[in-house]
Amino acid sequence: MSLRNTADRYGHVAQLLHWVVVALIIGQFVLANTAEDLPRLSAERLEVTALHKSLGLTVLVLAVVRLVWRSVSPPPLLPAAMKPWERGFAQLIHWALYGVMFAMPLSGWMWSSASNYPVSWFGLVQMPDLVPPNEGLKDAFHEGHEILGTLLLVLAALHVLAALKHHFLDRDTVLRRMLPWG
């Protein structure tokens, strides 16, 4: 298999980026739920939240890398047997997932900024505040971040269900082309 995508299959780079982002996003949900169960201003909650922010920034950077890679190495073609509405729906879900991969970390960053809590990347790089401290903005970005989290779960579920449909019902290669061992 090559580093670049082919007409039939995702290459190593696209697969690595896809599965690393999947793992990070799953980790983000685990960290968010863990933080919510910890006492509000405890050291443990601050540590978990700092890790959540760092991984969120990592997802944001990897989303940029994925888009750049996608422009350099276009994705494989969709199966010819797919109906036009299926193609449109697949593209809509993919672009919506990209949009949420940008919006979710940015909304979290703005929520932290509006809350007057710093954001750093693993304690190595201090990020600038994106908005000034403001209670109204804090509440709005918090709500937006939670809504985006729900949207991400819905989009990811649709993405997984579509891949499983292609594999088990359509019996095409859509799922296998993203699997490293496919």
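This text follows the structure it describes.
Residues numbered from 1 in each chain as written. Predicted model: local features only at pLDDT ≥ 70, side-chain atom pairs only at ≥ 80, totals over all residues. Heavy atoms only, no water.

### Here we look at the overall build of the protein chain
Summing up its helical and strand segments, the protein chain has four helices and two strands in all. When the helices and strands of the protein chain are listed from N to C terminus, the series reads α-α-α-β-β-α. Overall, the protein chain is about 55 × 30 × 25 Å in size when its C-alpha atoms are taken along their principal axes. Per-residue burial for the protein chain yields a buried fraction of 37% across its 182 residues. Contacts in the protein chain between residues far apart in sequence, at least 24 positions, make up 67% of those at least 6 positions apart. Only carbon and sulfur atoms are counted for the fraction: they give 71% of the accessible area of the protein chain, which is about 10,800 Å². Distance between charge centres in the protein chain, computed from 14 positive and 13 negative side chains, equals 14 Å. (Helix = DSSP H or I, 4+ residues; strand = E, 2+ residues; numbered from the N terminus. Buried < 20%, exposed > 50% of the residue type's maximum accessible area, 1.4 Å probe, protein only. Contact = heavy atoms within 4.5 Å. Areas by Shrake-Rupley, 256 points an atom, 1.4 Å probe, with all protein chains shown as cover. Lys, Arg positive; Asp, Glu negative; His and termini not counted. Charge placed at Lys NZ, Arg CZ, Asp CG, Glu CD.)

### Side note on unusual backbone geometry
Note: most peptide bonds trans; most residues except glycine with negative phi. The phi dihedral of Asn 116 is positive, around 65°, even though this residue is not glycine. In this structure, Asn 116 sits in the loop between helix 3 (84-114) and strand 1 (120-121). Take Asn 116: its relative accessible area is 52%, and that puts it in the exposed class. Although it is not a glycine, Arg 171 sits at a positive phi angle of roughly 55°.

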